[in-house]
Amino acid sequence: MVSPSSSRMFQVLQGHIQPAGHRSRKTRLVSKDGRCNIEFGNIEYSNHVAYLVDFWTTFVEIRWRFVLLLFVASFTGSWFLFSLLWYWIAKSNGDLTGQDRAAGHVRCVDNVDGLTTAFLYSLETQTTIGYGGRAPTGHCAGTVALLVVQSLIGVFINCFMCGVILAKISLPKNRAKTVTFSDTAVVCLKKGRLCLLIRVANLRKTLLIGSQIYGKLLRTTTTPDGDTVILDQVDIDFMVDAGKDNLFFVCPMTLYHVIDRSSPFYELSADSLPHQDFELVVFLDGTAESTSSCCQVRTSYVPQEIQWGFSFLPIISRTKTGKYRVDFSNFSRSVRVTAPHCARCFETDADQRNHDGLDGENHDQQQKSGIDNFGFQVIDIHDCMDITKV
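These numbers were taken from a predicted model, which means no experiment stands behind them.

A. The arrangement of the overall build of the chain in detail. Each helix and strand in the chain was counted, giving eight helices and 14 strands. The proportion of buried residues among the 390 residues of the chain is 32%. Put simply, 65% of the contacts in the chain that link residues at least 6 apart link residues at least 24 apart. For the chain, the accessible area works out to roughly 26400 Å², and carbon and sulfur atoms hold 57% of it.

And the structure:
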């Protein structure tokens with residue numbers, strides 16, 4: 001007889017135990033659109049002060065909903081705060097409705113006799129509306145000082161909020177959204193070498209100047225001392241036919257990484273690739289031609305997004321009018337091609353072919369005797385002979 005508590009425990013254990021061969025979905029560090037999936041925890045309270053010290057970066061990086069909330073709160077709050085000060089000046093001078101006023105009483109501010117009118121005068125002063133119904137009389141010295149202070153603070157708030165909004169609109173990461181990578185990567189032969197290929201395109205006609213392309217392979221490794229290193233980074237070199245720096249990024253390009261003995265993909269094969277646990281992050285750095293701002297575009301690929309034995313379809317053609325046309329419908333599409341099963345066996349076959357070729361040449365040279373003289377020309381032949389004198 002199985003008790004209810006034992007049954008519940010068995011169900012819990014059964015929910016945590018996965019069948020053999022089942023692999024949980026890998027969590028990306030970098031999403032396909034370049035966002036980093038990372039969370040900071042147990043940060044000391046004193047470190048939060050650094051966010052306030054670097055307040056400009058904090059305001060630029062916060063979300064738009066908080067920027068709009070800050071925009072409304074800063075203006076409305078300043079208007080209300082100064083309205084209290086104007087109300088206090090009016091009350092001190094006896095300008096409010098219901099206060100006893102002596103004969104020949106002169107107001108500090110005309111038509112400010114309550115909190116509502118004080119708020120309206122504060123709004124008109126800071127926004128320089130000037131309807132003409134409320135104005136300082138110059139009788140009170142405090143009104144002149146408060147008028148100067150509110151005008152300066154209003155200008156500061158206007159400049160700060162305009163700067164934050166302009167900075168958020170012109171963020172370099174917004175330019176990076178018009179640069180896209182292919183959804184998948186492919187492994188195939190390129191110029192007689194086994195390569196990993198990725199396609200990237202600039203959706204704008206303006207160039208990215210000084211573009212550089214590189215990659216990082218993120219994986220969990222174990223050191224010789226037995227320590228487990230999570231997110232161990234390995235450099236991956238990417239290039240195009242014209243190099244890897246200062247690219248002419250005017251049309252979609254195909255990046256490739258040569259899988260040789262120095263590549264971390266050298267030990268992989270078509271069968272073992274889908275079962276690996278790594279993340280390939282690709283970066284493209286450049287300077288926007290129109291704004292001169294530096295931007296970085298990044299994406300990531302997991303093993304399930306790398307197709308072994310496939311090649312990208314062509315997307316660039318030439319029209320009858322002489323223009324170059326890019327067909328983005330084939331940007332991420334690929335077709336199956338003949339490719340070696342692994343990099344190691346491909347090099348072994350290549351070495352064997354080279355070895356057979358060299359043996360054939362050596363054999364032909366050994367079989368040859370004499371001198372080739374296909375033109376039947378008269379030539380001098382000097383035989384090397386050993387002469388023994390007696």
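B. The arrangement of unusual backbone geometry in detail. Look at Thr-128: it is not a glycine, yet its phi comes out positive at around 55°. For Thr-128, the position within the fold is in the loop between α5 (115-127) and α6 (141-169). Judged by relative accessible area, which is 67%, Thr-128 ranks as exposed. We note that Lys-191 has phi near 55°; this positive angle belongs to a residue other than glycine. One can find Lys-191 in the loop between β2 (185-190) and β3 (193-202). Taking relative accessible area as the criterion, Lys-191 reaches 63% and is therefore assigned exposed.

C. Structural view of the packing of aromatic side chains. Scanning the entire structure with this criterion turns up eleven aromatic pairs. Judged by centre distance (6.0 Å) and plane angle (35°), the ring pair of Phe-55 and Phe-160 falls under tilted. Taken together, the residues span a long stretch of sequence, with Phe-55 in helix α3 (residues 55-61) and Phe-160 in helix α6 at a distance of 105 residues. With a centroid separation of 4.8 Å and 85° between ring planes, the pair formed by Trp-86 and Tyr-121 is classed as edge-to-face. Here Tyr-121 lies in helix α5 and Trp-86 lies in helix α4 (residues 64-93), a separation of 35 residues in the sequence. Just as Trp-86 is buried, Tyr-121 falls in that class too. Ring pairs connect the aromatic residues Phe-55, Trp-56, Phe-59, Phe-156 and Phe-160, which therefore count as one cluster.

D. Fine view of the state of the cysteines. A complete count under the given rule lists one disulfide for this structure. The partner cysteine of Cys-108 in its disulfide is Cys-140, sulfur to sulfur 1.7 Å. Disulfide Cys-108-Cys-140: torsion about the S-S bond near -65°, hence left-handed. On the criterion of sequence distance, the pair formed by Cys-108 in the loop between α4 and α5 and Cys-140 in the loop between α5 and α6 is long-range, its members being 32 residues apart. In this structure Cys-159 is not part of a disulfide, and its nearest cysteine sulfur, from Cys-162, lies 7.0 Å away. Residue classification places Cys-159 among the exposed positions, given a relative accessible area of 51%.

E. Seen up close, the pairing of strand β4 (residues 208-222). Where β4 and strand β8 (residues 278-288) come together, ten bridges link them in antiparallel fashion. Directly across from Leu-208, in β8, lies its bridge partner Ala-288. Taken together, β4 and the strand that follows it, strand β5 (residues 228-236), pair antiparallel across an intervening segment of five residues, in which Gly-226 is found at a positive phi of about 95°.

F. Broad picture of the pattern of salt bridges. Tallying each qualifying case throughout the model produces six salt bridges. The salt bridge involving Glu-124 is made with Arg-134; its shortest N-O contact spans 3.2 Å. You can see Glu-124 sitting in helix α5 and its partner Arg-134 sitting in the loop between α5 and α6, a full ten residues away along the chain. The shortest N-O distance in the salt bridge between Lys-216 and Asp-235 comes to 2.3 Å. Of the two residues, Lys-216 sits in strand β4 while Asp-235 sits in strand β5, which places them 19 residues apart along the sequence. Asp-235 gets classed as exposed once you look at its relative accessible area, which sits at 54%. Salt bridges sharing partners connect three or more residues here, namely Arg-28, Lys-32 and Glu-305.

G. A look at the environment of Pro-303. With respect to the helices and strands, the residue Pro-303 is situated in the loop between β9 (294-301) and β10 (306-308). Using a relative accessible area of 1% as the deciding quantity, one classes Pro-303 as buried. Excluding its chain neighbours within four sequence positions, the residues that come into contact with Pro-303 are Leu-273, Pro-274, Gln-276, Asp-277 and Phe-278.

H. A look at the nonpolar core. Counting residues in hydrophobic clusters, the biggest one holds 36 residues, and the most contacted among them are Phe-181, Leu-196, Phe-238, Phe-265 and Leu-280. Ranked by the residues each element gives to this core, the list is headed by β8, at five residues. Among the nonpolar cores identified, the runner-up in size contains twelve residues, and Trp-86, Cys-108, Cys-140 and Leu-146 belong to it.

Parameters at a glance
Residues numbered from 1 in each chain as written. Predicted model: local features only at pLDDT ≥ 70, side-chain atom pairs only at ≥ 80, totals over all residues. Heavy atoms only, no water. Helix = DSSP H or I, 4+ residues; strand = E, 2+ residues; numbered from the N terminus. Buried < 20%, exposed > 50% of the residue type's maximum accessible area, 1.4 Å probe, protein only. Contact = heavy atoms within 4.5 Å. Areas by Shrake-Rupley, 256 points an atom, 1.4 Å probe, with all protein chains shown as cover. Phe/Tyr/Trp six-rings, centres within 6.5 Å; stacked < 30°, edge-to-face > 60°. Disulfide = S-S within 2.5 Å. Pairing = 2+ DSSP bridges. Salt bridge = Lys/Arg side-chain N within 4 Å of Asp/Glu carboxyl O. Core = buried A, V, L, I, M, F, W, Y, C linked by side-chain atoms within 4.5 Å.

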